[in-house]
Amino acid sequence: MKQDSLLAAYQALCAARAPWESWWQTLRRHVLPARMCEDTNNGDAAATAHDSGDTTAIEACRKLAGGHMSYICPNNEMWFKWESPTPGSSDEADSWYARCSEIANRELALSNFYTELHECFLDRVALGTGSLFCGNTRRGSLLFKHVPCGQFVCAENDEGVVDTYMREFTFTPHQAAAHFGLKALGPRAKELAAQARSEHEGCLRFIHAVRPRDKRDPRKDTARHMPWQSIYYSLDDHCVVEESGYREMPYMVTRFLKWGESPYGLAPARLVYSDIRQAQFLNRILDMLGEVAAFPRILELANQVGEVDLRAGGRTLISPDSASLGFPREWATQGRYDIGMDRLRAKQEAINRAFFIPMLELWGERKAQLTAAEVYARENERVMQFSPSFTLFTCDFRPLMERVFAQLFRLGKFPQPPAGVVKPDARGEAAVAVPHVVYQGRIAMVLRRMRSEGLEHTLARLQQLLPLDAGLADHVDLDKVFRLSARLDGIPEEALRAEHRVKRIRKERAQAAVAASDGEQPAGEYSVGGDAGPPLPQLLPGYDAATALSPQLNPAPGI
């Protein structure tokens, strides 16, 4: 991409983003005051939070963002698992992807992923659009960076996938030299670095643009021929300071709900914006009404100015004429506080419903008086209302999960892959197949419960019909049903024996039974669950060394 075309594309995307910026600023003021724009000083942000009066929307935003962390991506659980993209793949391939999933969950916990993800979720909930960058540190670990909403522009391709991303950011001379190298910087940047009293003083502006590369040679595995083009452009020197590439899209954009053809998302606060404003107004009115009740207005005669004692226990001396007229007396204190509270509660309930607070509170309710069926019915009802946002989350999150898988693979974090997961890429070379992502958080488990319940209902019906026709059992592969249900329930992969081990156990059990029926003594005491008996091959790392890849194979370019 030429420099002039890059600037033209960036300016065009900024123009398309302009109608959203006023809404984002408004939503920040009423829903996320701590995330005011950088041109707003802290005093104004604090005053905005204080003047908002009712904080229902602020609390609802915080709770829903926390619910994303607790029920979609909990850092204390395995909230996702990779599976083979090929239907009917071998158990060996499924076991390898499961082991990679466990390693990836651990690596994410060791990185700054959850800290940056929470900031991304705050933008997703409050403003409708969140963004996250995925890279790696110089030490060889994962690195994530939250990009605030409003500091980037993006565009979708014909399939509705974000494939163009540009963000404007600033570096100090020290940061710019560390990232690009001093020689790559332009003359103005070098001059600022030389004249500044400190290398940490000063501000340099850059644009980072990532988009599909139009012209490349797939046979070359170099930065200039990778699928995604990466350009860092200096706005101070009007020159390209770095051009490279990515094998995967490094930026993720997640939307709460889609809004027409725009690449930016719809925030729940926009649906109840009028309720938020009215709740804040009513809260201020009720505060004023409470103050009037505690400190009533006083109507007094002109000659009583300065003589009325309003202190607790104070005494005011009045003349008989003033007493006959009823002065001093309270005035205009007859407001209906109860009606105002009823209206405020109605607005607050509408705000909480828009932010799915009833769904989040469901898992905190006491269910001692409810049956399991009633609990499941309530969960299904409330979570299904959230399913459009969760479905969009899984679509938007897919590029990030593929990026994490590829990064960890190239960093050597995964065990040697078995031959069953290797497929030819576009160049005809062997490459590891990109896995399918299965989410295992609370919300995902509720949405997938129908699949697991279907297995249970089918087996229960089969058990009822078996006395009538024992041949019905031939329709069900119980081995596959059990392994599928176990993985749907999120059982650790170490708890499942590999299929070749199960076959060996059954073969040895059959041989032991035959030997016992012939009156022979088995070679050793056999135990399925214990350590006694013939030695069995180790379950981990989950692949057969005889069919493993040769060391010469380099699957990285195809990831």
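Being a predicted model, the structure only gives us computed values, none of them experimental. (Residues numbered from 1 in each chain as written. Predicted model: local features only at pLDDT ≥ 70, side-chain atom pairs only at ≥ 80, totals over all residues. Heavy atoms only, no water.)

Visitor: Summarise the overall build of the protein; cite the residues concerned and give the values.
Guide: When helices and strands are tallied, the protein shows 17 helices and 14 strands. Burial status across the protein gives 42% buried among its 559 residues. As displayed, the protein has an accessible area near 30300 Å², and 53% of this comes from carbon and sulfur atoms. (Helix = DSSP H or I, 4+ residues; strand = E, 2+ residues; numbered from the N terminus. Buried < 20%, exposed > 50% of the residue type's maximum accessible area, 1.4 Å probe, protein only. Areas by Shrake-Rupley, 256 points an atom, 1.4 Å probe, with all protein chains shown as cover.)

Visitor: Could you give me a rundown of the pattern of salt bridges, with the residues and numbers involved?
Guide: Scanning all chains against the criterion turns up 16 salt bridges. Between R255 and E156 there is a salt bridge, and its shortest N-O distance comes to 3.0 Å. Placement of the pair is R255 in strand β9 (residues 251-255) and E156 in strand β4 (residues 152-156), with a sequence separation of 99 residues. Here R255 falls in the buried class, since its relative accessible area comes to 2%. E156 sits in the partly exposed class, given a relative accessible area of 23%. (Salt bridge = Lys/Arg side-chain N within 4 Å of Asp/Glu carboxyl O.)

Visitor: Lay out the sheet that holds β4 with the relevant residues and their values.
Guide: Each strand in a sheet pairs with another by means of backbone hydrogen bonds, the pair being arranged parallel or else antiparallel. Reading across from one edge, β4-β5-β6-β7-β8 is the order of the five strands in this open sheet, with antiparallel pairing throughout. Sheet topology places β4 and β8 (239-246) at the edges, where each strand pairs with a single neighbour. Pairs of neighbouring strands in the sheet enclose a mean axial angle of 15°, with direction left out of account. Pairing of strand β5 (residues 162-171) with strand β6 (residues 204-212), which is carried by seven bridges, proceeds in the antiparallel orientation. In the sheet register, M166 faces β6, and the bridge partner there is A209. Each of β5, β6, β7 (228-234) and β8 touches helix α6 (residues 173-180); the most contacted strand, β5, lies at about 135° to it. (Pairing = 2+ DSSP bridges. Axes fitted to C-alpha atoms, helices over the stretch in contact; angles between N-to-C directions. Contact = heavy atoms within 4.5 Å.)

Visitor: Outline the pairing of strand β3 (residues 142-146), supporting the account with residue identities and numerical values.
Guide: Along β3, the buried face is formed by L142, F144 and H146; none of L143 and K145, which line the opposite face, is buried. Turn length for the strand β2 (residues 129-136)-β3 hairpin, with the two strands adjacent in sequence and antiparallel, is five residues, and the turn residue G140 shows positive phi of about 90°.

Visitor: Would you mind going over the packing of aromatic side chains in detail, with residue names and values included?
Guide: Inspection of the entire model under this criterion finds 37 aromatic pairs. Look at F121 and F393: their rings are 6.1 Å apart centre to centre, the planes differ by 55°, and that puts the pair in the tilted class. Taken together, the positions of F121 in helix α5 (residues 113-126) and F393 in helix α13 (residues 372-410) put the pair 272 residues apart, joining distant regions of the chain. F393 shares its class with F121; the two are buried. (Phe/Tyr/Trp six-rings, centres within 6.5 Å; stacked < 30°, edge-to-face > 60°.)

Visitor: Account for the environment of K413, naming residues and giving values.
Guide: Counting through the fold element by element, K413 comes out in the loop between α13 and β12 (422-424). Separated by 313 residues in the primary sequence, K413 and C100 place their C-alpha atoms 8.3 Å from one another. Dropping the residues within four chain positions of it, K413 is found in contact with I103, E107, G140 and L408.

Visitor: Go over the sheet that holds β3, please, and point to the residues and values.
Guide: The three strands lie next to each other as β3-β2-β9, forming an open sheet whose pairing is antiparallel. Only two strands of the sheet have a single neighbouring strand rather than two, namely β3 and β9. Going across the sheet, the axis of each strand differs from the next one's by a mean of 25°, ignoring polarity. As defined by bridge partners, β2 adjoins β9 across five bridges and the pair is classed as antiparallel. When the sheet's bridge partners are listed, G130 is paired in β9 with T254. Strand contacts of α5: β2, β3 and β9, with the helix running at about 160° to β2, the strand carrying the most contacts. In the packing of α13 onto the sheet, contacts are made with β2, β3 and β9, and the angle to β9 comes to roughly 160°.

Visitor: Talk me through the confidence of the model for the protein; I want residue IDs and the actual numbers.
Guide: Confidence along the protein averages 82 in pLDDT terms, with 86% of residues attaining 70 or more. Contacts from residues 37-43, a stretch scored under 50 in pLDDT, to residues over four places away or in other chains number five contacts. Taken together, the stretch residues 522-559 has pLDDT below 50 and engages in 69 contacts with residues farther than four places along the chain or on a different chain. (pLDDT = per-residue confidence, 0-100.)

Visitor: Explain the packing of helix α1 (residues 3-31) against helix α9 (residues 273-294) to me, using residue names and the numbers behind them.
Guide: Direction vectors running N to C along α1 and α9 enclose 40°, while the axes themselves pass 11 Å from each other. With respect to α9, the axis of α1 lies oblique. In terms of crossing hand, the pair formed by α1 and α9 is left-handed. Contacts between α1 and α9 involve W23, T26, H30 and V31 from the first element and Y273, I276, R277 and Q280 from the second. Class assignment of the residues belonging to the contact of α1 with α9 gives a composition of four nonpolar, three polar and one charged. (Parallel < 35°, antiparallel > 145°, perpendicular 65-115°, else oblique. Left-handed = near helix turned anticlockwise from the far one by under 90°. Nonpolar A, V, L, I, M, F, W, Y, C, P; charged D, E, K, R; others polar.)

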